[in-house]
Amino acid sequence: MKQDMIVILDLGSHENTVLARAIRALGVYSEIYPHDITAEELKALPNVKGVIINGGPCNVVDGVEIDVLPEIYEAGFPVMAAGHDKALCATKLAQFTDDEEAIKEAVKGFVFDECKAETNWNMKNFVNDQIELIRRQVGDKKVLLALSGGVDSSVVAALLLKAIGENLVCVHVNHGLMRKGESEAVVEIFRNQLNANLIYVDATERFLTKLENVADPEEKRKIIGGEFIRVFEEEARKLDGIDFLGQGTIYPDIVESGTKTAKVVKSHHNVGGLPEDLQFELVEPLRQLFKDEVRACGLELGLPYDMVYRQPFPGPGLGVRCLGAITRDRLEALRESDAILQEEFKLAGLDKTVWQYFTVVPDFKSVGVRNNARSYDWPVIIRAVNTIDAMTASIELIDWPILQKITDRILKEVPNINRVCYDLSPKPSATIEWE
Ligand code: XMP
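Given the structure is predicted, the values throughout are model-derived calculations rather than measurements.

Parameters and conventions
Residues numbered from 1 in each chain as written. Predicted model: local features only at pLDDT ≥ 70, side-chain atom pairs only at ≥ 80, totals over all residues. Heavy atoms only, no water. Helix = DSSP H or I, 4+ residues; strand = E, 2+ residues; numbered from the N terminus. Polar contact = N/O pair within 3.5 Å; in protein donor to acceptor, adjacent residues only side chain to side chain. Contact = heavy atoms within 4.5 Å. Pairing = 2+ DSSP bridges. Axes fitted to C-alpha atoms, helices over the stretch in contact; angles between N-to-C directions. Phe/Tyr/Trp six-rings, centres within 6.5 Å; stacked < 30°, edge-to-face > 60°. Buried < 20%, exposed > 50% of the residue type's maximum accessible area, 1.4 Å probe, protein only. Lys NZ or Arg CZ within 6 Å of the ring centre and 35° of its normal.

Let's shift gears to unusual backbone geometry. Cis geometry marks the peptide bond from K427 to P428, where omega comes out at -20°. Secondary-structure assignment places P428 in the segment after β16 (417–422). The omega torsion across P428 and S429 is 15°, close enough to zero to call that bond cis. Note on placement: S429 falls in the segment after β16. Phi is positive for N416, which is not a glycine, with a value near 70°.

This paragraph deals with the side chain of H175. With respect to the helices and strands, H175 occurs in the loop between β8 (168–174) and α7 (182–193). From its side chain, H175 meets the backbone nitrogen of L177 in a polar contact 3.1 Å long. Here G315 takes part through its backbone oxygen, which lies 3.1 Å from a polar atom of the side chain of H175. Apart from residues no more than four positions distant in its own chain, H175 is found in contact with T204, F207, I224, F228, G315, P316 and G317.

Okay, the sheet that holds strand β7 (residues 142–146) next. Pairing is parallel across the open sheet formed by 5 strands, whose spatial order is β9-β8-β7-β10-β11. One side of each edge strand has no neighbouring strand; the edge strands of this open sheet are β9 (197–202) and β11 (281–283). Neighbour to neighbour, the strand axes of the sheet diverge by 30° on average, direction disregarded. Pairing analysis gives 3 bridges linking strand β10 (residues 242–246) to β11, with the strands arranged parallel. Bridging from a neighbouring strand, F244 pairs with E281 of β11.

With that settled, consider the packing of aromatic side chains. If you walk through the whole model with that rule in mind, you get 5 aromatic pairs. Judged by centre distance (4.5 Å) and plane angle (40°), the rings of Y29 and W121 are tilted. Placement of the pair is Y29 in strand β2 (residues 29–34) and W121 in the loop between α4 (100–114) and α5 (123–138), with a sequence separation of 92 residues. On the accessibility criterion, W121 (7% relative accessible area) is buried. Look at F345 and Y357: their rings are 4.6 Å apart centre to centre, the planes differ by 25°, and that puts the pair in the stacked class. One end of the pair, F345, is in helix α13 (residues 328–347); the other, Y357, is in strand β12 (residues 356–360), and 12 residues separate them in sequence. Side by side, F345 and Y357 carry an identical accessibility label, which is buried. Cluster of aromatic residues (ring-pair linked, three or more members): Y29, W121 and F126. The ring of F290 carries the charged tip of R21 above its face, separated from the ring centre by 5.1 Å.

Put into structure tokens, the structure is as follows:
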């Protein structure tokens, strides 16, 4: 890493990630480290230009007052700290929590005048650095990557491809629960356009068979996650000479993993959990990036806008939106209604303002009338939410005419559906997904 770096020492302030992002937005790289880092460890970090000590209220974490080691002040770097000689203090920063501009103003003088940091943090430099680092780590060995088509795995794939070309082996597992056209897009972009070494596994039958008659949401999630790992593992065993596993770990995963105490509401699905005897060294080239930086990196690497700005999609895919025991006809109705929703939101420009939007098909029917005859069919439920961190979410107010157009199209184009409903529930009490 050749970029200058401002180190933030974490005294328990929730604003540290906002602060790091603001400094990066000034064009200077910044990372967060634990408060008890030693001067020696600090000096060993590359290109440190200055240190910001940013505490929570009175630097108290879980009732215990904490502080940095006194030797940090003698380590030879400019230090900005709450209660010390510098103008800025944590409480001042805390007032600006959501205001990146205000934070930038507050730290600008320190970063540029005192630390003399240069604005050399940008995606071009990042990509070039990472290519060099990946080549150094991997040499002429092979890297295996589970390419779901999500933002993080796609950007990792593009970056690894640039660094090691055909020594990257991507595996795309289509579990049959992808949105319309999604697996096809992964094959088209990575295999056909970028010439990636891509193994495409259509495991639709296998997943749907396993899921037959399984109605419990947690059970469904476990089956999908477990089966995913088994399919991926089988592919991995067929390959020779793989030493590395690429992963789309990003900076919030790293920062949060130390502090997260949240209870498990739903078991999330990720590619971890490979068997012990399949041991790979990890390659995680995005581990320093925030989500918006991952997107910028994807664009820098030439990935299409739609792929890079794709809305979040749960690992278990449509499986948790086709409620109860999944049936093929309801799954198809879900996929088609979702495609209509995606299309119409895009046309109305809502894809730029709404964080996540999708349809859900429950496992109950209601009575309707079609062509002068009684129908007994499923409803489609539309969900559209905005959120900052997915922990809480509010519903989006969508203009009636747009909802009416979507409703008309779903009722006309999707078989076996006779009603369209709109979900008005915030999170909490609901979750974003229905299962
Ligand atoms: P909930 O439904 O818990 O979801 O409010 C919060 C956000 O997480 C997404 N989600 C998942 N993402 N694997 C993922 O990678 C999963 O298993 C998973 N389940 C939910 C959900 O779409 C929402 O954005």
